[in-house]
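Structural features, examined
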Amino acid sequence: MKRLAASYLPPITLAFRSGTPMHQQLSEWFRRAIVDGQLQPGQRLPSSRSLADELKISRVPVMSAYEQLYAEGYLETFVGAGTCVARSIPGRTPKPSGTGPFDVTLPSIENHAPRRISRRAGLIQVPPQTWLNNLGAFRIGVPALDQFPASVWSKLVNRHSRKLPIELMAYGDPMGYLPLRVAIAEYLSTVRAVRCDASQILVTTGSQQALQMCAHVLLDANDRAWVEEPGYPGARHALVRAGVRLVPVPVDQEGMDVAQGIRRGRGARVVYITPSHQFPLGVTMSAARRMQLLNWATRNGAWIIEDDYDSEYRSGGRPIASLQGLDIGERVIYVGTFSKVMFPALRLGYMVVPKDLLPVFFDARDAADTFSSTLYQMVMTDFIREGHFARHIKRMRTLYMERRTALMEAIHKQLRDKLEVIGTEAGMHLVALLPPGIDDVAVSIKAASKGVSARPLSPCYVNPPARGGLILGYGGADVAEILDGVRKLKQCI
Ligand SMILES: Cc1ncc(COP(=O)(O)O)c(C=O)c1O
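Residues numbered from 1 in each chain as written. Predicted model: local features only at pLDDT ≥ 70, side-chain atom pairs only at ≥ 80, totals over all residues.

**Brief notes about the site of the ligand**
Lining the immediate surroundings of the ligand are 14 residues, of which Gly141, Gly206, Gln208, Thr337 and Ser339 lie closest. Taken together, the residues that form the shell around the ligand break down as 4 nonpolar, 9 polar and 1 charged. (Near = placed C-beta within 6 Å. Nonpolar A, V, L, I, M, F, W, Y, C, P; charged D, E, K, R; others polar.)

**Looking at the sheet that holds strand E7 (residues 270–273)**
What the 8 strands build is an open sheet, ordered E3-E10-E9-E8-E7-E4-E5-E6; its pairing is mixed. On the outer flanks of this sheet lie strand E3 (201–204) and strand E6 (255–256), each paired with one strand and no other. Sheet topology note: the strand E5 (residues 245–252)/E6 ladder contains 2 bridges and is antiparallel. Opposite Asp252, over in E6, you have Gly255 as the bridge partner. Running over the sheet, helix H6 (residues 178–191) touches E3 and strand E10 (349–352) and is turned about 110 degrees from E3. The sheet contacts of helix H8 (residues 233–241) involve strand E4 (224–229), E5, E7 and strand E8 (303–307), and relative to E4 the element is tilted by about 165 degrees. (Pairing = 2+ DSSP bridges. Helix = DSSP H or I, 4+ residues; strand = E, 2+ residues; numbered from the N terminus. Contact = placed C-beta atoms within 7 Å. Axes fitted to C-alpha atoms, helices over the stretch in contact; angles between N-to-C directions.)

**Side note on the sheet that holds strand E14 (residues 469–473)**
The strand order E11-E12-E14-E13 describes an open sheet built from 4 strands, whose pairing is antiparallel. Looking at the sheet topology across the chains shown, the edges are occupied by strand E11 (420–422) and strand E13 (455–456). Pairing of strand E12 (residues 429–433) with E14, which is carried by 5 bridges, proceeds in the antiparallel orientation. Bridged to Val431 within E14 is Ile471.

**Overview of the domain arrangement of the protein**
Domain boundaries assigned for the protein yield domain 1 (22–108), domain 2 (130–142 + 394–492) and domain 3 (148–386). Using C-alpha coordinates to define each centre, domain 2 is positioned 26 Å away from domain 3. Each side of the interface is counted separately: domain 2 has 24 residues, and domain 3 has 20 residues. Mapped onto the side of domain 2 that touches domain 3, the elements with two or more residues apiece are helix H13 (388–415) and E12. With 5 residues, H13 is the largest single contributor of residues to the side of domain 2 that touches domain 3. Per-class residue counts for the side of domain 2 that touches domain 3 are 16 nonpolar, 5 polar and 3 charged. (Domains from an automatic or database assignment.)

**Focus on the environment of Ala150**
Within the secondary structure, Ala150 is located in helix H4 (residues 150–162). Residue classification places Ala150 among the exposed positions, given that 11 C-beta atoms sit within 10 Å. Between the alpha carbons of Ala150 and Leu55 there is a distance of 46 Å; along the sequence they are 95 residues apart. (Buried ≥ 20, exposed ≤ 12 C-beta atoms within 10 Å, placed from the backbone.)

**Describing the pairing of E5**
Note that E4 and E5 share 6 bridges and pair parallel. By the bridge assignment for E5, Ala225 is matched with Leu246. Counting the residues that bridge the hairpin from E5 to E6 gives 2 residues.

**Topic: the confidence of the model for the protein**
Predicted confidence across the protein gives a mean pLDDT of 91, with 94% of residues reaching 70 or more. Every residue in residues 1–5 scores below 50 in pLDDT, and together they form 12 contacts with partners more than four places removed in sequence or on other chains. This model gives residues 93–99 a pLDDT under 50, and the stretch forms 10 contacts once residues within four places in sequence are excluded. (pLDDT = per-residue confidence, 0-100.)

Here you go:
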């Protein structure tokens, strides 16, 4: 078995005034840590000298505890490697050792108290998603990672990490690094017609965190929220985990059917929506529906969460302005992410928060994870300021159009009798509807076994749909992978 590197020990508390001798306290502590799995087989322990120094005790009790544990088989020694936890540990029932805080006797399994968790935590059980095992064709939400200007990025990382000012190594502002907030506000006002200034920008760890904070700040348990049907499962999960009741509102060619929402979801407090590029169907919400939704929200005191996750990549027609830009009642909380235009592992996103909600969102972010990595916020700021961001988006827009065309043509050539393609105007994915009666999850599982990641459409619905489909991402796959992927898909349907 692999021997683990010397590592930190969990804190050892010694009772100096207890009647239990020091060496016994130590050996009991180690036995318990080994039996509980806090110390792993093969893990190196500190030398008796350094442990004694750390605990500010004499070396004698440490040596005698180590000897005792060695004799009992809990420890072993190696020339050159010192003392390690034995790689074959005796059974999980160490010798009873008396009573008190250092008693290491394990309770029998019948005596265990119930291991209770919250009801919320059990509200969603996501079944295994084998289609997430692969990265190439047609994994959704993943951009062309090999096309990312990694050398520019690493130069900027180097620039900042080499001379990180002391004050920026301390705790940062929960709202985010101010120069980045300024850059985001400029970008959103210019490109997405969002009405905002830097004070309203809250930098997040991606959109998912923004959705979670919205659920937390805007809703109480059992409140109702409209979600698109079909819609983004990540948003549904964030809402359900907050104890919110979902009102699925159908999506048609004009986006969310607001009239249906009003009929089915009276009293709803929140609407979650992807108006620029509906996830997953890809439609754009019409101007009439946008006005209808904003009017309804303003009159009824509801909040709208606008998730604008990938609208940078629109191929035909003029860019679609954000819903937030039309909102004079300040009902919209705008959510965006760098996951699609940069890379998902960056974990940076942003929200535009109405001014009166700033204090509550500040507190929510502070309580969640305090703030995002300042270093990466600084690097991101320069990436935008120095023009790399705009250049990268422009290059990717052309690339994704080529990839989308290749995918559509390949489907047309090989699968046009089986797949009906929709949602091809923007973004990095399209939807291929399957013939009625075909189980999309089964197709996706089969495709995953061939190394193809085709996400099924039906899990995006709250209620089972009449027709299944596949959501096919083309951003992260080159043309050869796309063609190969379509060939493999053909074998699965
Ligand atoms: C509609 C939608 N919203 C949000 C996200 C999540 O983005 P992030 O990585 O910023 O959490 C995704 C990711 O695929 C998405 O498809």
